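If you want the building blocks of each chain, they are given just below.
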Amino acid sequence: MSLAGFPNPVLDQQAAFRAVMQALAEPGCIVPSGAMVGEASPLGPVARAIALSLLDFEVRYHLSPSLAAAESDITFHTGSRLADRADEADFAFVDCAHDALDLARYAQGTPEYPDRSTTIILKVESLAGGPTLAIDGPGIPGTRELAIPGLPADFIAQWAANAARAPLGVDLLFTTNEAVLGLPRSTRILGEAR
């Protein structure tokens, strides 16, 4: 199934790209999506806008099982190729409500090229209302709170292992139908906020 692309491709791609960059520069901040497209997509309109903005013929992507129906749409609009394995993907799309999350199975980069890691786009129901976690790191004055519901029970442990691999490791973009929130590998989860 292929859906319509951006109504205004240049401006919409730029807006989606700016939202992603702001989300990664200010970890834990909820950033309204600069562009949304394809409400009927299994990815959701924000994650699909990110896909149409960041993917091209030079990168490969991976889809979690519940999002497999998005393959033909992404490939048609971006020219990107589906990776055979998660650790071969530049970008991965995961639905937290339906699929397991294992950060270690994705590309972690190499000492020579730490940027050759996977950016994981996680579809979540909400960016607020879950257990409150305190985070710190670059782009965060002092600390900030993160409260995403529906994360795996072992998410804090997975993220600690990811941070321990620095400068290697994956970066995360959490998306809903309206917004995006970034969690780059340089961000530390300090534990549950009090």
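About the criteria used
Residues numbered from 1 in each chain as written. Predicted model: local features only at pLDDT ≥ 70, side-chain atom pairs only at ≥ 80, totals over all residues. Heavy atoms only, no water. Axes fitted to C-alpha atoms, helices over the stretch in contact; angles between N-to-C directions. Helix = DSSP H or I, 4+ residues; strand = E, 2+ residues; numbered from the N terminus. Left-handed = near helix turned anticlockwise from the far one by under 90°. Contact = heavy atoms within 4.5 Å. Nonpolar A, V, L, I, M, F, W, Y, C, P; charged D, E, K, R; others polar. 1 Å grid on protein atoms, 1.4 Å probe; cavity = no way out; pocket = protein on both sides within 12 Å on 5 of 7 lines; lining within 4 Å. Points joined across faces, edges and corners; volume = space filled by probe spheres on them. Phe/Tyr/Trp six-rings, centres within 6.5 Å; stacked < 30°, edge-to-face > 60°. Buried < 20%, exposed > 50% of the residue type's maximum accessible area, 1.4 Å probe, protein only. Lys NZ or Arg CZ within 6 Å of the ring centre and 35° of its normal. Pairing = 2+ DSSP bridges.

### Some points on the packing of helix H2 (residues 45-54) against helix H3 (residues 71-78)
- Between H2 and H3, the shortest axis-to-axis distance is 9 Å and the interhelical angle comes to 35°. The two elements H2 and H3 meet at a crossing, and its hand is right-handed. Across the interface between the two elements, Arg-48, Ala-51 and Leu-52 of H2 pack against Asp-73, His-77 and Thr-78 of H3.
- Residues that form the contact of H2 with H3 fall into these classes: two nonpolar, two polar and two charged.

### Overview of the layout of surface pockets
- If you add up the space inside the largest pocket, you get close to 190 Å³.
- Residue lining of the largest pocket: 14 residues in total, with Asp-90, Phe-91, Asp-115, Ser-117 and Thr-119 positioned closest to the centre.
- For the lining of the largest pocket, the secondary structure elements donating two or more residues are helix H1 (9-25) and strand E8 (171-175).
- Tallying contributions element by element places H1 first for the lining of the largest pocket, with three residues.

### Quick notes on the packing of aromatic side chains
- Inspection of the entire model under this criterion finds two aromatic pairs.
- Measuring from ring centre to ring centre gives 6.3 Å for Phe-155 and Trp-159, while their planes differ by 20°; the resulting arrangement is stacked. With Phe-155 and Trp-159 both in helix H4 (residues 155-164), this residue pair falls four residues apart, about one helical turn. We note that Phe-155, like Trp-159, is buried.
- Look at Phe-155 and you get buried, because its relative accessible area is 2%.
- Chaining the aromatic ring pairs together yields one cluster made of Phe-155, Trp-159 and Phe-174.
- Positioned above the aromatic ring of Tyr-113 is the side chain of Arg-116, whose terminal nitrogen or guanidinium carbon lies 3.7 Å from the ring centre.

### Notes on the pairing of strand E6 (residues 133-136)
- With burial as the criterion, each face of E6 is covered, one bearing Leu-133 and Ile-135 and the other bearing Ala-134 and Asp-136.
- Pairing of E6 with strand E7 (residues 144-146), which is carried by three bridges, proceeds in the antiparallel orientation. Each residue of the ladder has a partner; that of Ala-134, found in E7, is Glu-145.
- In this structure, E6 lies alongside strand E10 (residues 188-192), joined through four bridges in antiparallel fashion. If you follow Asp-136 over to E10, its bridge partner there is Arg-188.

Keep in mind that these numbers describe shape and distance, not what the molecule does.
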